[in-house]
Each structure stands twice: as C-alpha cells, then as structure tokens.
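What follows is each chain in one-letter form.
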Amino acid sequence: MFRNVLTNAIQHNDSAPPSVAVDVTDDGDAVSVTVSDNGPGIPDEQKRTVFERGEKRPDSEGTGVGLYLVRTLVDAYGGDVWVEDNEPRGAVVGLTLPKAADDI
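Caption draft 1: Summary view of the side chain of S15. Within the secondary structure, S15 sits in the loop between helix 1 (2-11) and strand 1 (20-26). We classify S15 as buried; its relative accessible area is 18%. A distance of 2.5 Å separates a polar atom in the side chain of S15 from the backbone oxygen of N38. Within the structure, the side chain of S15 is placed 2.8 Å from the side chain of R89, a separation counted as a polar contact. Every residue in contact with S15, bar those within four places of it in the chain, is listed here: N38, G39 and R89.

Printed below as a string of structure tokens:
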C-alpha cells in the first residue's frame, strides 16, 4: 500500500524540486498515515474515482490498478483511504488502519 502511494507521489510530481512528506498519527486504536506532495494534484472530479480499478490519469503509463489495490487492501484490513488537496499545491493521500490486537 505504502509503496504504491509513495511511488505515485514521486512519479506524478512535476515540481522542481519535487517534495514528498509522510506523517503518522497514532490515536490509540488506529494509525493514520498521510503522504503529501507538491505535484499537480488530483482534479476534483477524479477524487471520487481515483481508487476504482482501471482509473488513471490520461498521461499515465500505469495500469490503473495500483490505487485500486491500495483501496482493496485497506478495506480488507478495516481501514479507510482518501485523497484531498495539499496546500498550496499537490495532493494528500491518507490511510487509516486499525491497530493489531495485542493478543496476537
């Protein structure tokens, strides 16, 4: 999951110099990770569909499966994934995953 999100933040970044930041928050029951970049961002109309199978940017050489797999894995673990605008430019992809039980 994280490899795909980080790779996208780097590969689709058109800024010079490109910048990617990772932030982690632990709220006790879950951990949230955000990956923020200073690239072109994701258009509002694509934010709703970016995690669907086959969805990709018109200029992307990818398969459109990467973020779909991220969504599938996050859902399988009972988490959440989203995308929003970064300020002043770029995208933020967030993932929230429940922590594993201590008795495992």
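Moving on, there is more to tell.
Caption draft 2: Helix 3 (residues 66-76), seen in detail. All of the buried residues along helix 3 are L67, V70 and V74. Down the axis of helix 3, the sector holding all buried residues measures 50°, keeping them to one side. Contacts made by the buried residues of helix 3 are with helix 1, strand 3 (80-85) and strand 4 (91-98).

How each quantity is defined
- In every chain, residue numbers begin from 1 and rise along the written sequence.
- For a predicted model such as this one, the threshold for reporting local features is a pLDDT of at least 70, and the threshold for listing and counting side-chain atom pairs is 80 or more; totals across whole chains, interfaces and linings nevertheless cover every residue.
- Derived side-chain values reflect all non-hydrogen atoms in the structure, with water molecules and hydrogen atoms excluded from consideration.
- Helix and strand assignments come from DSSP, with helices taken as H or I runs of at least 4 residues and strands as E runs of at least 2, each series counted from the N terminus.
- When a residue's accessible area, from a 1.4 Å probe over protein chains only, is under 20% of the maximum for its type it is buried; when over 50% it is exposed; and in between it is partly exposed.
- Side-chain atoms alone can form a polar contact between residues adjacent in sequence; in general such a contact is a pair of N or O atoms within 3.5 Å, and within protein one must be able to donate a hydrogen while the other accepts it.
- Any two residues whose heavy atoms approach within 4.5 Å at even a single point are treated as in contact.
- Here the arc refers to the directions that run from the helix axis out to each C-beta atom.

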